Amino acid sequence: MQKFIEKGYEIIDFEEKADIYVVNTCTVTNMSDRKSRQMLRRVKKNNPNSILVVVGCYVNVAKEELEKIKDIDIILGNNEKNNIVECVENFENKEKITDVMQQKEFIDFGSVTYTNKTRATIKIQDGCDRFCTYCIVPYARGRVRSRQISSIIEEVEKIAKRGIKEVIVTGIHVASYGKDFGYKIKLIDVLEKINNIEGIERIRLGSLEPTLINKEFLDRLSKLDKICNHFHLSLQSGCDTVLERMNRKYTSNDFRNSVKLLREYYKNVLLTADVIVGFPGETDEEFMNTYKFLEEIKFYRMHIFKYSQRNGTKAAIMPNQIDGNIKEERSNKLIELSNKIQNEYNLSYIGKKQKVLFEEKENNFLKGHTNNFLMVNVNDSEDFINQIKDVEIVGIENNELIGKIAM
Ligand code: SF4
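For clarity, every value in this text was computed on a predicted model and none was experimentally measured.

Right, let's talk about the overall build of the protein chain for a bit. Along the backbone of the protein chain there are twelve helices and 16 strands. Looking at the protein chain as shown, the accessible area adds up to about 20700 Å², and 48% of this sits on carbon and sulfur atoms.

This is the structure we're talking about:
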């Protein structure tokens, strides 16, 4: 499996329709022989055009028997397993394989999801060229591919025609949008076009990297009236030595400057962030650097991830992997900090009026978000779903705001 991952293939569940199936056989008992044969028969039923590779001990003891099964395309004994990817790629039917690393164009299929009646997420970019040391995405999803701007606009127009008011613009690494077009068209060009689409009232952006946020970008972005003043930033660590080991392309100070700029351009902006704790080699001191950085920046909310080893990535084989209990402890500390800061922000909204787009109704409570992504609950018998209303914030419950429709 590792060899396929290194070559950029995507590993999917056996039950899904794949281009290549590898059946690793066992021959410890007669039962395992039978199970192997049953599995082989299932493969071509799943996808008759796939390449079926059989490896493992059964091959070594009963190759002739397997050769009689017409569905099998490649048979490799244990001593030949190392060449599995080359064998597959040299197989005469290899044009059947979709090599994600060779994929040059964005595939539009399935790039919109509707969260509810009010919001749709549109994916405008796939793949990533950044190779962060903990991440399998560049191997699994291939290089940066951007969706044609005309196709994006067409799709958002369709979304607007369905009466959807809010669109979230995302990608695997949305800041790289246009890299494969030589940046002749950039993310900001796409956002300007979407901003002109009638019916769309709010545009949110998926996770952004601080490297994108500069004066040139914000000068243009801040002129777009539909862009929400909430930004989710991909921080990962507030400690420079950890960021370097992660192969992130910024320092904590670059990040600080991006936050400063965002707060200058957007009044009442709320920022959220992703943070990884327990990255290989993260010392107590490095963790505390991150902790202090987060205390200083004050994100509205932080998504805390405990680092987990991903085979095929550089970080998985780094020395000094962190013990699970330490990761747990660090994660709890950051969650506590995040809740405390969120509560402080929430308190500062009591008595203020906010515009809320209502998304759903649960037990007589209308639920919706403000422009800067505060969740607001309103106890009201009216059905204001998919409508934007003025709401006065009157309290807090479970770290969410409680409001009443303003007269
Ligand atoms: S973490 Fe993000 S930027 Fe880094 S390699 Fe993965 S997808 Fe790319």
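That covers the picture; the talk isn't over yet.
This part takes up the site of the ligand. Around the ligand, the neighbouring residues are C128, R130, F131, C132, Y134, C135, V137, P138, I172, H173, E209 and R248. For the shell around the ligand, the residue count by class is eight nonpolar, one polar and three charged.

Below, the discussion takes up the side chain of S146. Within the secondary structure layout, S146 lies in strand 6 (residues 145-146). According to the relative accessible area criterion, S146 is buried, its value standing at 4%. Within polar-contact distance, the side chain of S146 engages the backbone nitrogen of G178 at 2.8 Å. Within polar-contact distance, the side chain of S146 engages the side chain of D180 at 2.6 Å.

Our focus in this paragraph is the packing of helix 11 (residues 284-297) against helix 12 (residues 324-349). Their axes nearest at 11 Å, the elements helix 11 and helix 12 cross at an angle of 10 degrees. Regarding the angle of helix 11 to helix 12, the classification is roughly parallel. From helix 11, D284, F287, Y291, L294 and E295 reach across to helix 12, where they touch R330, K333, L334, L337 and I341. Across the contact of helix 11 with helix 12, the residue classes tally to six nonpolar, no polar and four charged.

Next up on the list: the nonpolar core. L221, F231, L233 and F299 are the most contacted members of the largest nonpolar core, which totals 59 residues. Top element by residues in this core is helix 6 (residues 149-161). It accounts for six residues. Other than its neighbours up to four places away in sequence, L233 contacts S207, L208, I213, F255, V259, L262, L271, T272, A273, D274 and F299.

Right, let's get into the packing of helix 10 (residues 252-265) against helix 11. Contact geometry of helix 10 with helix 11 gives a least axis separation of 12 Å together with a crossing angle of 10 degrees. Here helix 10 is positioned roughly parallel relative to helix 11, judged by the angle of their axes. In this structure, helix 10 uses S252, F255, R256, V259 and R263 to contact helix 11, whose residues at the interface are F293, E296 and I297. Considering only residue class, the contact of helix 10 with helix 11 consists of four nonpolar, one polar and three charged.

Taken as a whole and assessed by the stated rule, the structure comprises eleven aromatic pairs. Summarising the aromatic geometry, the rings of F255 and F299 are spaced 6.0 Å apart at their centres and angled 70 degrees between planes, so their arrangement reads as edge-to-face. Separated by 44 residues along the polypeptide, F255 in helix 10 and F299 in the loop between helix 11 and strand 11 (301-306) bring together distant segments of the chain. Both residues of the pair, F255 and F299, belong to the buried class. The structure contains a cluster of three or more aromatic residues connected by ring pairs, namely Y250, F255, F293 and F299. Geometry around Y349 places K352 over its ring, the cationic atom sitting 5.3 Å from the centre.

What counts and how
- Residues numbered from 1 in each chain as written.
- Predicted model: local features only at pLDDT ≥ 70, side-chain atom pairs only at ≥ 80, totals over all residues.
- Heavy atoms only, no water.
- Helix = DSSP H or I, 4+ residues; strand = E, 2+ residues; numbered from the N terminus.
- Areas by Shrake-Rupley, 256 points an atom, 1.4 Å probe, with all protein chains shown as cover.
- Near = heavy atom within 4 Å.
- Nonpolar A, V, L, I, M, F, W, Y, C, P; charged D, E, K, R; others polar.
- Buried < 20%, exposed > 50% of the residue type's maximum accessible area, 1.4 Å probe, protein only.
- Polar contact = N/O pair within 3.5 Å; in protein donor to acceptor, adjacent residues only side chain to side chain.
- Axes fitted to C-alpha atoms, helices over the stretch in contact; angles between N-to-C directions.
- Parallel < 35°, antiparallel > 145°, perpendicular 65-115°, else oblique.
- Contact = heavy atoms within 4.5 Å.
- Core = buried A, V, L, I, M, F, W, Y, C linked by side-chain atoms within 4.5 Å.
- Phe/Tyr/Trp six-rings, centres within 6.5 Å; stacked < 30°, edge-to-face > 60°.
- Lys NZ or Arg CZ within 6 Å of the ring centre and 35° of its normal.

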